[in-house]
Amino acid sequence: MEILEIRTLRGPNYWSGYWKKLIIMRLDIGEYEERPSHKIDGFYGRMMDLMPSLLSHGCSYGEEGGFLRRVKEGTWAGHIIEHFALEMQTLAGMDVGYGRTRETDEPGIYNVVFGYLEEEVGRYVGRAAVRLFLDLAEGRPIEEVKAALARDIQEMREIREDVRFGPSTGSIVEEAETRGIPYIRLNDQSLVQLGYGVHQKRIQATTTSKTNMISVDIAGDKSATKKLLGEMGVPVPKGYRIRDLDELEETIDAIGWPVVVKPLDGNHGKGATVGIRDLEHARAAFEKAKEYSRWVIVEKMLEGSDFRALVVNNRLIAVAERIPAHVVGDGRRTIQQLIDETNSDPRRGYGHENVLTQITIDNQTLRCIANAGHTLESVLPAGEMLTLKTTANISTGGTAIDRTDEVHPENVFLFERIARIIGLDIAGIDIIATNVAEPLRESGGGIIEVNAAPGFRMHLAPSEGIGRNVAEHVVEMLFPPGVPSRIPIFAITGTNGKTTTTRLIAHILKGSGKTVGFTTTDGTYIQNQQIVTGDNTGPVSAQLVLKDPTVEVAVLETARGGIIRAGLGFDFCDVGIVLNVAEDHLGLKDVNTLEDLARVKSVVPRAVGKRGYAVLNAEDENVYKMKELVDGHLVYFSMDENHPNIRRQAERGRISCVYENGYITILKGKWKVRIEKAVNIPLTYGGRAEFMIQNVLAATLGCFVHGVSLEDIRVGLTTFNAGTAQTPGRLNFIEIGDTTVLMDYAHNPAGITGLTKFIKKLPNKYRTVVINGTGDRRDEDIRELARIAAETFDRIVLRRGNYLRGRSEEEMTQLLQEGIAQSEHKPQVRIIPDSREAIRHAIKHARKGELVVTLADLVPKDISYVLEYRDEVLQSKADV
């Protein structure tokens, strides 16, 4: 058994209309293709001994025990591994419910698909599930298998803790999602972008784009915070800042016991020790604090309980009482046994997985136990409470009690005033007092710290009292009612015409006054500036545009490869355009038929939001069928205003775009709104390039339904030129002496069919084409490309392609020659492997008035070769 590939889908995809986060594991099950589960001796019994919880899996039967029934009847290894991957995640505290296993056209090879919550866990569990299946199938001793499963589950939990959002960040992201606000994780920690483009805001844990950094510095300097608050009449404990151990005793004499020792610029309780009552422990606490800061705060310890007040946007949102990790003796059990019992509470888990965290026994715990005169083996007297940590943080095993509803109005005013004094948008205020129901000035309480980036966990899920949705106040602060978080997204897919349509839409939108980011096979652009070169039609490039803080509209060419590899780079789009579906890239990644390819392309219209528009080709039946998958509005384009699908749309009073009587026309029901004559649109070459007219129809319709004015659309159409600047490699004409050179990107049978149909309308008597194949096409597609070329051109120059992708140069040339031989027309054929030399040869030996066509797979290179030769010709004429 061998894992051939693991892919991670992170957005809308062709496997599921709901689950965006999926692992696709391509698996060769080897000998187990002939050994379904009922033919593996003892497999079912060992599996049930190991994971009885598989009983809950309904599988295709849709009822409890359904999967077990399939195993008894006999099912294949890939299907079992899918269920193992799902259940192992559930046992590790990550419940995901989506799984599919599908055979491929290759015997014994399956696509095993399952959901995940954390990507790294998903990739790990795929491999672990394969190991688990093999252990059971090969009869490894069950106790060893159980131990291996336990290790895998713990490893998954640890991976999750390393990569997941913390409780605070996670709560903000979840709240944003419930409001329809998209997010992008910007690093592997807690830096997150909320919203897209120009409307984005950023958070890092509970620091936001509104957080004042001067205020953060003040809060980080405990001495400065206390001084500022004290001068403003806020009750604070007496204390001093020291740097040397020699100053410690004198300082304590000045303030009196008990004391608190903590680092000057620490946070989250790191390096802090409370309740110190003798010099020996004070010295140890000083050394501990010095690990975190050059300066140390020594202050009078206030008597009372530990409270945390959370203020967001100058409003008190929640107050919690914090209690350090502790155990209470019963006179029978040892301290170790009491800790074990406390950790057995189902509310306690590893890291942040549950409401409470398990208590770990570390050096700090051992010091607390020793200071109380005990060891781990001591039997704690009945009723005696033993504190196990020096701080009350939830992350170290502490507990929290919600006290929000008990806070005295005077304290509410005080806490909100403190946040304003420090200047923090989100402030965690630490209070020591007997309670918060009385004013601090009466109870003798005081403020000991103000924290920037405070944790939310104690408020979200206190161990006692009601949880507070504090994250909603953060999101409301960042995105008040009526403030947008999204930018419009256009997504364009299809077999041919994507890049031209994308560029045309971007041009129209720029002309309407918008800052546009767009992606194409040539690169990523912000306005007219190319940011990245190369084929940028996948989700990474899409997110580059969506992360740019200047972009007001995103126009994203969305190709098959990116959809298959990782899904879409956005959650939904406002306008989704499907131009056509033709045979191309078949035989790759289990996309073997035109129907398979249409299913991949359909991801785009399926991702159209409910208020958005799917723009579909009414003449392409594979595209038209996609209407069944769309939640948003449906609009169509066609070269034929009388096409049945267009007529049905018109009868329903809905919108279409058609080519009629030489016009690009919007149909609103049966009413016509003529936009412009095709002959006035440079891209159509006087209306001769029908495939370009189709691109114009799609772009016009997409912009129209988005609300772009007719005048802006008209101006955009008539000012967009099919040159190397605006549409590189798409019908680019360059005159070199008596020769016309046409550069195009046609790279599949459908593309070259449209191109040759246009070329036959041109006046050139002689025609030469420079052509190459692309390695990731089927043999028959490469032959067909060459055959179609041979029907139109009287000379063909074969060159080496830039993307052989595993094929040899000789194999590619042979396929092209076989295709040419299939044509009834017999053109002259010359083989010149080097692209530069092939192009120069074709132009140099062109007959007067000849059309030389280069079909590029690397557009910038072809353009540079042609321009280089043109400049040489011009220079030679100038020299004469």
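In what follows, the structure referred to is the one given above.
First, a word on what this report is: a plain description of the structure on this page. Small disclaimer: the values here were computed from a predicted structure and weren't measured.

Conventions adopted
Residues numbered from 1 in each chain as written. Predicted model: local features only at pLDDT ≥ 70, side-chain atom pairs only at ≥ 80, totals over all residues. Heavy atoms only, no water. Core = buried A, V, L, I, M, F, W, Y, C linked by side-chain atoms within 4.5 Å. Buried < 20%, exposed > 50% of the residue type's maximum accessible area, 1.4 Å probe, protein only. Helix = DSSP H or I, 4+ residues; strand = E, 2+ residues; numbered from the N terminus. Contact = heavy atoms within 4.5 Å. Patch = residues over 30% accessible without salt bridge, like charges linked within 9 Å, V, L, I, M, F, W, Y side chains within 5 Å. Areas by Shrake-Rupley, 256 points an atom, 1.4 Å probe, with all protein chains shown as cover. Salt bridge = Lys/Arg side-chain N within 4 Å of Asp/Glu carboxyl O. Lys, Arg positive; Asp, Glu negative; His and termini not counted. Charge placed at Lys NZ, Arg CZ, Asp CG, Glu CD. Pairing = 2+ DSSP bridges. Axes fitted to C-alpha atoms, helices over the stretch in contact; angles between N-to-C directions. Phe/Tyr/Trp six-rings, centres within 6.5 Å; stacked < 30°, edge-to-face > 60°. Lys NZ or Arg CZ within 6 Å of the ring centre and 35° of its normal. Polar contact = N/O pair within 3.5 Å; in protein donor to acceptor, adjacent residues only side chain to side chain.

### Here we look at the nonpolar core
Working step 1: Grouped together as the largest cluster of nonpolar side chains are 70 residues, with contacts concentrated most on Ile-505, Val-555, Leu-755, Ile-771 and Val-853.
Working step 2: The biggest single contributor to this core is helix 24 (residues 690-706), with 10 residues.
Working step 3: Setting aside residues no more than four positions away along its own chain, Val-555 makes contact with Phe-490, Ile-492, Thr-502, Ile-505, Ala-506, Leu-509, Val-516, Gly-517, Phe-518 and Thr-519.
Working step 4: Core analysis: the second largest hydrophobic core is formed by 46 residues, Val-604, Leu-616, Met-626 and Tyr-636 among them.

### Remarks on a negative patch on the surface
Working step 1: Together, Asp-244, Asp-246, Glu-247, Glu-249, Glu-250 and Asp-253 give the surface a local cluster of negative charge.
Working step 2: Mapped onto the elements of the fold, Asp-253 is located in helix 9 (residues 248-255).

### Looking at the sheet that holds strand 36 (residues 795-798)
Two strands in a sheet stick together by hydrogen bonds in their backbones, pointing the same way (parallel) or opposite ways (antiparallel).
Working step 1: The 6 strands lie next to each other as 33-34-38-35-36-37, forming an open sheet whose pairing is mixed. What marks the edges here is a single partner per strand, and that holds for strand 33 (732-736) and strand 37 (828-831). Direction aside, neighbouring strands of the sheet carry axes that sit 20 degrees apart on average.
Working step 2: In the sheet, strand 35 (residues 767-771) pairs with strand 38 (residues 851-855) via 4 bridges, with the strands oriented parallel. When the bridges of strand 38 are listed, Arg-767 appears paired with Leu-851.

### Describing the sheet that holds strand 11 (residues 273-276)
Working step 1: As summarised here, the arrangement of the 4 strands in space is 9-12-10-11, forming an open sheet in which the pairing is antiparallel. Taken across any chain shown, the strands that pair with only one partner, and hence form the sheet edges, are strand 9 (239-242) and strand 11. Ignoring which end each strand starts from, the neighbouring axes of this sheet average 20 degrees apart.
Working step 2: Bridging between strand 10 (residues 259-263) and strand 12 (residues 296-300) involves 5 bridges; their strand directions are antiparallel. Its bridge partner being in strand 12, Val-260 is matched across the sheet by Glu-299.

### Side note on the packing of aromatic side chains
Working step 1: Using the criterion set out here, one finds 10 aromatic pairs in the structure.
Working step 2: On the numbers, 6.3 Å between centres and 70 degrees between planes, the contact of Phe-733 with Phe-758 is edge-to-face. With Phe-733 in strand 33 and Phe-758 in helix 26 (residues 749-759), this pair connects stretches of sequence that are 25 residues apart.
Working step 3: In this structure Phe-733 comes out as partly exposed when scored by relative accessible area, which is 26%.
Working step 4: Members of the aromatic cluster, joined through ring pairs, are Tyr-685, Phe-691, Phe-733 and Phe-758.
Working step 5: Positioned above the aromatic ring of Tyr-124 is the side chain of Arg-131, whose terminal nitrogen or guanidinium carbon lies 5.7 Å from the ring centre.
Working step 6: When the ring centre of Trp-295 is taken as reference, the NZ or CZ atom of Arg-241 above it lies at 4.2 Å.

### Focus on the pattern of salt bridges
Working step 1: For the structure shown, the criterion picks out 63 salt bridges.
Working step 2: We note a salt bridge from Arg-714 to Glu-711, for which the minimum N-O separation is 3.0 Å. A residue pair is termed a helical-turn pair when its members lie 3 or 4 positions apart in one helix, as Arg-714 and Glu-711 do in helix 25 (residues 710-719) at 3 residues.
Working step 3: Assessed through its relative accessible area of 23%, Arg-714 is described here as partly exposed.
Working step 4: A relative accessible area of 45% places Glu-711 in the partly exposed class.
Working step 5: The closest approach of N and O atoms between Glu-850 and Arg-847, which form a salt bridge, is 3.0 Å.

### Structural notes on the environment of Thr-208
Working step 1: Take Thr-208: it is sitting in strand 8 (residues 207-208).
Working step 2: For Thr-208, a relative accessible area of 7% corresponds to the buried category.
Working step 3: C-alpha of Thr-208 to C-alpha of Leu-478: the two residues are 270 residues apart in sequence and 8.3 Å apart in space.
Working step 4: What Thr-208 contacts, discounting residues up to four positions off in sequence, is Arg-202, Ile-203, Asp-425, Ile-426, Val-474, Met-477 and Leu-478.
Working step 5: There is a polar contact of 3.0 Å between the side chain of Thr-208 and the backbone nitrogen of Lys-210.
Working step 6: At a separation of 2.6 Å, a polar atom in the side chain of Thr-208 contacts the side chain of Asp-425.

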